[in-house]
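Spelled out from the first residue to the last, the chains are:
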Amino acid sequence: MADPLSEVVTLLQPGAAFSKVVNGAGRWRVRRTELGRPFYCVVLEGSCRLAVEGREPLVLLAGDFVLIPAAHNFATSSIDPPDDGPDAPPTILPGGEFRLGALEGPPQVRMMVGYCVFGSPDAAILVSLLPQLVHVRGEQRLATLVQLVNEESRGQRPARELILTRLLEVLLIEALRSSAGTAASPGLLRGLADARLAVAIRRMHEMPTRPWTVAHLAKEAALSRSAFFERFNRAVGVTPMEYLLAWRMALAKKLLRNRDVAIADVAERVGYSSASTFSVAFSRHVGMPPARYARERG
């Protein structure tokens, strides 16, 4: 049986590129304007506030994990953020941690923040299948991983950075697959958490070459066509056919990077009846013909 999330994560090739431990006291705020980099935050102790543009602010508690697969404008702050004005830069403490806000007094929050990398050259098309925001709370496996990250971050043992990198990679993957009890925005996680929709999503991954229609997928999900279409769109954030197209294009890109595979073969393996039909769809979706993509990325 196909495992859609595993397939997407495997193609993404996630890694923990950069991280730092930050603590805060008093009133503080850090605003970030990014260019779509994947941002994560692990709250080790205490609590803080996360405000993502276009969303209601979240209060993050110890043990929480947040992932923004393509971050743009957001801010982390104390529960009671300061008045508008320039953000004060963090202070580097003797132990290597960064302090935000007041230098005196015990910290009210301690967290590990950082940026992931998605090694796949097709990360953008795959990230579009994920939620815009993943917030995980109350997952025992994640709590165990967070505790390991906390312990490792406090120590100065040999290979500390290597261990932290590996732990964060596992934490990232565990967060993505923790759909039960996860406050996720529309995307693959929400779709897989719905037992009816999960069947249809798995069928698309198992048989991408099948000439799927909304009616066929609705039958797999044991729903009426209209109910399936509305439920899928609400949970996943795109229509069933848009999701299928994105997945086929992700597979096609992977195949095209292998110079030994002809475009006609790629077309057949991702569900197109002819190379010309595939080329039109690929060019429209990716912005360049498959032959050119194969030359430049192969």
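Position numbers for residues start from 1 in each chain and track the written sequence from start to end. With the structure being a predicted model, the display of local features is reserved for residues of pLDDT at least 70 and the display and counting of side-chain atom pairs for 80 or more, all residues being used for whole-chain, interface and lining totals. Excluding hydrogens and water, the side-chain values take into account all heavy atoms of the structure.

(A) Quick peek at the overall build of the protein chain. A count of helices and strands for the protein chain gives 12 helices and 9 strands. Expressed as lengths along the three principal axes of its C-alpha atoms, the size of the protein chain is roughly 70 × 45 × 35 Å. Considering only residue pairs separated by 6 or more positions, the protein chain has 74% of its internal contacts joining residues 24 or more positions apart. When charges are tallied, Lys and Arg are placed among the positive residues and Asp and Glu among the negative ones, while His and the ends of the chain are skipped. By convention, the point assigned to a charge is CZ for Arg, NZ for Lys, CD for Glu and CG for Asp. In the protein chain, the 36 positive side-chain charges and the 29 negative ones have mean positions that sit 4 Å from each other. Secondary structure follows DSSP: runs of H or I at least 4 residues long count as helices, runs of E at least 2 residues long count as strands, and numbering of each begins at the N terminus. In this analysis, two residues are considered to be in contact whenever any of their non-hydrogen atoms come within 4.5 Å of each other.

(B) Structural detail: the packing of helix 9 (residues 240-256) against helix 11 (residues 275-286). Fitting a line to C-alpha atoms yields each axis, with helices limited to the stretch in contact; the angle taken between N-to-C directions then spans 0 to 180 degrees. For the pair helix 9 and helix 11, the least separation of the axes is 11 Å and the interaxial angle reads 100°. Relative to helix 11, the element helix 9 is oriented roughly perpendicular. Across the interface between the two elements, L245, A246, M249, A252, K253 and L256 of helix 9 pack against F278, A281, F282, H285 and V286 of helix 11. Here the residues of the contact of helix 9 with helix 11 are counted per class, giving 9 nonpolar, 1 polar and 1 charged. Our angle categories are set so that under 35 degrees counts as roughly parallel, over 145 as roughly antiparallel, 65 to 115 as roughly perpendicular, and the remainder as oblique. Only Asp, Glu, Lys and Arg are considered charged in this grouping, and only Ala, Val, Leu, Ile, Met, Phe, Trp, Tyr, Cys and Pro are considered nonpolar; every other residue, Gly among them, is considered polar.

(C) Looking closely at helix 9. Multiplying 1.5 Å by the helix residue count minus one yields the expected span of that helix. The first and last C-alpha atoms of helix 9 sit 24 Å apart over 17 residues, in line with the 24 Å expected at 1.5 Å per residue. Classification of residues uses two cut-offs on accessible area relative to the type maximum, computed with a 1.4 Å probe and protein chains only: under 20% is buried, over 50% is exposed, and between them is partly exposed. Burial of helix 9 is extensive: 13 of the 17 residues sit out of reach of the surface.

(D) Seen up close, the state of the cysteines. Cysteine sulfur pairs qualify as disulfides if the two atoms are within 2.5 Å. Under the counting rule described, the total for this entry stands at 0 disulfides. Here C48 stays free of any disulfide, with the sulfur of C41 as its closest cysteine sulfur at 5.2 Å. Residue C48 is classed as buried on the basis of its relative accessible area, which comes to 0%. Looking at C116, it has no disulfide partner, and the nearest cysteine sulfur is the one in C41, 12 Å off.

(E) Representation of the nonpolar core in the model. Core analysis: the largest hydrophobic core is formed by 71 residues, its most contacted members being V42, L171, F228 and F278. With 10 residues, helix 9 is the largest single contributor of residues to this core. Excluding its chain neighbours within four sequence positions, the residues that come into contact with L171 are V42, F65, L142, L145, V146 and V149. Core analysis: the next-biggest nonpolar cluster, separate from the first, contains 21 residues, F98, L100, V109 and L133 among them. Nonpolar cores were defined as sets of buried Ala, Val, Leu, Ile, Met, Phe, Trp, Tyr and Cys residues, with membership established by side-chain atoms within 4.5 Å.

(F) Examining the layout of surface pockets more closely. Definitions used for this entry: grid spacing 1 Å over protein atoms alone; cavity, a set of points where a 1.4 Å probe fits but cannot get out; pocket, an open set with protein on both sides within 12 Å along at least 5 of 7 lines; lining residue, one with an atom within 4 Å of a point. Grid points are joined across faces, edges and corners, and a volume is the space filled by probe spheres set on the points. One number sums up the size of the largest pocket: a volume of about 250 Å³. Taken together, 14 residues form the lining of the largest pocket, with I68, A70, A71, H72 and Q132 sitting closest to its centre. Partitioning the lining of the largest pocket into residue classes produces 9 nonpolar, 3 polar and 2 charged. Lining the second largest pocket are 15 residues; nearest its centre among them are V21, G96, E97, S153 and R160. At the level of secondary structure, the elements contributing two or more residues to the lining of the second largest pocket comprise strand 1 (14-25), strand 7 (109-118), helix 3 (140-154) and helix 4 (160-177). Partitioning the lining of the second largest pocket into residue classes produces 4 nonpolar, 5 polar and 6 charged.

(G) Just the pattern of salt bridges, in detail. The rule for a salt bridge is simple: a side-chain nitrogen of Lys or Arg has to be within 4 Å of a carboxyl oxygen of Asp or Glu. Evaluated as defined, the whole model comprises 15 salt bridges. Bridged by salt links that share partners, the residues R203, E206, R210 and E220 form one connected network.

(H) Fine view of a nonpolar patch on the surface. Taken together, V59, L61 and I79 make up a surface patch of nonpolar side chains, about 230 Å² in accessible area. As for its position among the elements, V59 is in strand 3 (residues 58-61). Of the residues examined, V59 reaches a relative accessible area of 43% and is grouped as partly exposed. Here, patches come from residues exposed beyond 30% relative accessible area and free of salt bridges, joined within 9 Å for like charges and within 5 Å for nonpolar side chains (Val, Leu, Ile, Met, Phe, Trp, Tyr). To be clear on the numbers: accessible area is Shrake-Rupley with a 1.4 Å probe, and residue cover counts the displayed protein chains and nothing else.

(I) Spotlight on the UniProt feature "domain: HTH araC/xylS-type" (unreviewed entry) in the protein chain. UniProt positions are given in the numbering used here, feature names are shortened, and annotations may be inferred rather than shown by experiment. As annotated by UniProt and renumbered to match this structure, "domain: HTH araC/xylS-type" (unreviewed entry) occupies residues 198-296. Split by type, residues 198-296 is 72% helix and 0% strand. Its first and last C-alpha atoms lie 35 Å apart.

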